[in-house]
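Read off the chains here:
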Amino acid sequence: MAYSAKIGPSILSSDLSCLGSECVRMMACGADYLHLDVMDGSVFSVAPKATTLCVADMHMMVSRPEQWVKPMAAAGANQYTFHLEATTNPGNLIKEIKESGMKVGLAIKPDTTVEELAPWANQIHMALVMTVEPGFGGQKFMEDMMPKVRWLRSMFPSLDIEVDGGVGPDTIHKCAEAGANMIVSGSAVIGSDDPRSVITLLRTAVADAIQKRSLDR
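Residues numbered from 1 in each chain as written. Predicted model: local features only at pLDDT ≥ 70, side-chain atom pairs only at ≥ 80, totals over all residues. Heavy atoms only, no water.

1. Quick look at the pattern of salt bridges
Thinking step 1. Scanning all chains against the criterion turns up 5 salt bridges.
Thinking step 2. The salt bridge partner of Asp 160 is Lys 6, with a shortest N-O separation of 3.8 Å. Separated by 154 residues along the polypeptide, Asp 160 in strand β7 (residues 160–164) and Lys 6 in strand β1 (residues 6–9) bring together distant segments of the chain.
Thinking step 3. For the salt bridge of Asp 32 with Arg 203, the shortest nitrogen-to-oxygen distance reads 2.9 Å. Note that Asp 32 is positioned in the loop between α1 (19–28) and β2 (34–39) and Arg 203 in helix α9 (residues 195–216), a separation of 171 residues in sequence.
Thinking step 4. Residue Asp 32 is classed as partly exposed on the basis of its relative accessible area of 30%. (Salt bridge = Lys/Arg side-chain N within 4 Å of Asp/Glu carboxyl O. Helix = DSSP H or I, 4+ residues; strand = E, 2+ residues; numbered from the N terminus. Buried < 20%, exposed > 50% of the residue type's maximum accessible area, 1.4 Å probe, protein only.)

2. A closer look at the pairing of strand β5 (residues 103–108)
Thinking step 1. Among the 6 residues in β5, 5 count as buried, and that is most of the element.
Thinking step 2. In this structure, strand β4 (residues 79–83) lies alongside β5, joined through 5 bridges in parallel fashion. Looking at the pairing, Tyr 80 lines up with Val 104 of β5.
Thinking step 3. Crossover β4 to β5 through helix α4 (residues 90–99) is right-handed.
Thinking step 4. Two strands pair when backbone bridges link them, and β5 and strand β6 (residues 126–130) are joined in this way by 4 bridges, in the parallel orientation. Across the sheet, Leu 106 pairs through a bridge with Ala 127, a residue of β6. (Pairing = 2+ DSSP bridges. Right-handed = clockwise from strand over helix to strand, strands pointing away.)

3. Points about the sheet that holds strand β3 (residues 56–61)
Thinking step 1. Overall, parallel pairing links the 8 strands, which are arranged β1-β8-β7-β6-β5-β4-β3-β2 in an open sheet. With partners counted over all chains shown, the strands left at the sheet margins are β1 and β2, one partner each. Ignoring strand direction, the axes of neighbouring strands in this sheet form an average angle of 25 degrees.
Thinking step 2. Where α4 meets the sheet, its contacts fall on β4 and β5, and the angle it forms with β4 comes to roughly 165 degrees. (Axes fitted to C-alpha atoms, helices over the stretch in contact; angles between N-to-C directions. Contact = heavy atoms within 4.5 Å.)

4. Quick word on the UniProt feature "active site" (unreviewed entry) in the protein chain
Thinking step 1. When the UniProt feature table is mapped onto this chain numbering, "active site" (unreviewed entry) sits at Asp 37 and Asp 164. A maximum C-alpha distance of 10.7 Å among these annotated residues, which run over 128 residues, shows that they cluster at one spot.
Thinking step 2. When you line up the elements, Asp 37 lands in strand β2.
Thinking step 3. By relative accessible area, Asp 37 is classed as buried at 5%.
Thinking step 4. For Asp 37, the side chain forms a polar contact with the side chain of His 35, separated by 3.3 Å.
Thinking step 5. On the basis of relative accessibility, which here comes to 9%, the residue Asp 164 falls in the buried class. (UniProt positions renumbered as here; feature names shortened; annotations may be inferred. Polar contact = N/O pair within 3.5 Å; in protein donor to acceptor, adjacent residues only side chain to side chain.)

5. Concerning a negative patch on the surface
Thinking step 1. On the surface, a cluster of negative charge is made up of Glu 85, Asp 111, Glu 115, Glu 116 and Glu 133.
Thinking step 2. Within the secondary structure, Glu 115 is located in helix α5 (residues 114–117).
Thinking step 3. Using a relative accessible area of 47% as the deciding quantity, one classes Glu 115 as partly exposed. (Patch = residues over 30% accessible without salt bridge, like charges linked within 9 Å, V, L, I, M, F, W, Y side chains within 5 Å. Areas by Shrake-Rupley, 256 points an atom, 1.4 Å probe, with all protein chains shown as cover. Lys, Arg positive; Asp, Glu negative; His and termini not counted. Charge placed at Lys NZ, Arg CZ, Asp CG, Glu CD.)

Dropping the structure here:
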């Protein structure tokens, strides 16, 4: 198994007027990376200022993900995660992202089947299974997305699999047991009085599940 437990606080849940300091605070609390949501005309103006301070996974919830590859690479993003639903030519976009020096993440919304992502799984670094409808914080975790995670882990054992939406201490075990190893958590981490302890709890749950899966093989 080549994957490991990684926790990425979602900066959408933070005070965006203090984006830089929030990035520093989360990394100091033990985050492995930061998950920055980028939406058409909203977050992009402040996102580049933060990307040089951390390991940044840019979640591109935009209508034309092709147009932002070069700007995000120039801003220092480490990973460019786009939605399968937002492009008609995933193969070209994957190639362009790699050529720009970033890792490739491919996301699917709740209504998109995991089989639609499968043809691209061997060309990407990470698959993102949305566990809420993208674009709004504070939604309820969709447990019925876990079969997608389980299927991906079964079919692509070494792939990084990320979950995003409603993930926190109450739902982390479902994600970890299904096979997710990259955990996006917004309000549960950033809204906590002790973000470090929440990050540690999430990471421990995922690491324990990875170890159990390894022993069961």
